[in-house]
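Spelled out, the chains give:
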Amino acid sequence: MMDKYPLNEPILGSSDYNDKPTSNYQSEFQLFMVSVKLFFGISYLSLPNTFAQCGLIGGILLFTVVIVINAITMLQILKVADLFPEVKSYSDLGERVLGRRGQQVVDVCILVKQIATCVTYLYFVSTQLDFIICKELEICLGNRVFMLLLIIPVILMSSIGSYKFLS
């Protein structure tokens, strides 16, 4: 039986509002908009905290270092794309460069990173929920309670088979 929401459908470039066929490639405008969303998300969340923790000079220096590292990394990704144009994932690249063991190492690193990201977001959301509920309703349960409560919807949402259905 065919899956109604296949896992390998394109994320960007698809249309949720009509039944027109979609392309697997993103337009430059779509890529630009994703970059703008990421930039503003990072700015709203990290900029004030960085300057609060490091001060004006420290914040400027820290963001300069981060921007330089990001620029170097992006240039390296472009070089790799030129060297291996048929490679479409980090896992494939690990296999191409380092063999089967390289692919396994890359896959484990991706798994660890994804789990760490999920745990970090769960911690962030539960801490914010605890702060808001404690402040507004004066019911202070601690973020651990909210982490446990949030695991249920996270597991349910993790079973969704496609980004299109999730959105």
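Everything discussed here concerns the structure shown above.
S.K.: Please clarify how the overall build of the protein should be interpreted in this entry.
M.R.: For the protein, the helix and strand inventory stands at 4 helices and 0 strands. When burial is assessed residue by residue, the protein has 11% of its 167 residues classed as buried. The contacts in the protein between residues at least 6 apart in sequence include a share of 28% that link residues at least 24 apart.

S.K.: Would you explain the packing of helix α2 (residues 90-137) against helix α3 (residues 143-158) in this entry?
M.R.: Angle between the axes and distance between the axes: these two values describe a pair of packed helices. Two elements in contact, α2 and α3, have axes separated by 8 Å at closest approach and are oriented at 125°. As summarised for this structure, α2 and α3 are arranged oblique, according to the angle between their axes. As for how α2 packs across α3, the hand of that crossing is right-handed. Residue-level contacts link L122, Y123, V125, S126, T127, L129, D130 and I133 of α2 to N143, F146, M147, L150, I151 and V154 of α3. Its residues assigned to classes, the contact of α2 with α3 shows 10 nonpolar, 3 polar and 1 charged.

Parameters and conventions
- Residues numbered from 1 in each chain as written.
- Predicted model: local features only at pLDDT ≥ 70, side-chain atom pairs only at ≥ 80, totals over all residues.
- Heavy atoms only, no water.
- Helix = DSSP H or I, 4+ residues; strand = E, 2+ residues; numbered from the N terminus.
- Buried < 20%, exposed > 50% of the residue type's maximum accessible area, 1.4 Å probe, protein only.
- Contact = heavy atoms within 4.5 Å.
- Axes fitted to C-alpha atoms, helices over the stretch in contact; angles between N-to-C directions.
- Parallel < 35°, antiparallel > 145°, perpendicular 65-115°, else oblique.
- Left-handed = near helix turned anticlockwise from the far one by under 90°.
- Nonpolar A, V, L, I, M, F, W, Y, C, P; charged D, E, K, R; others polar.

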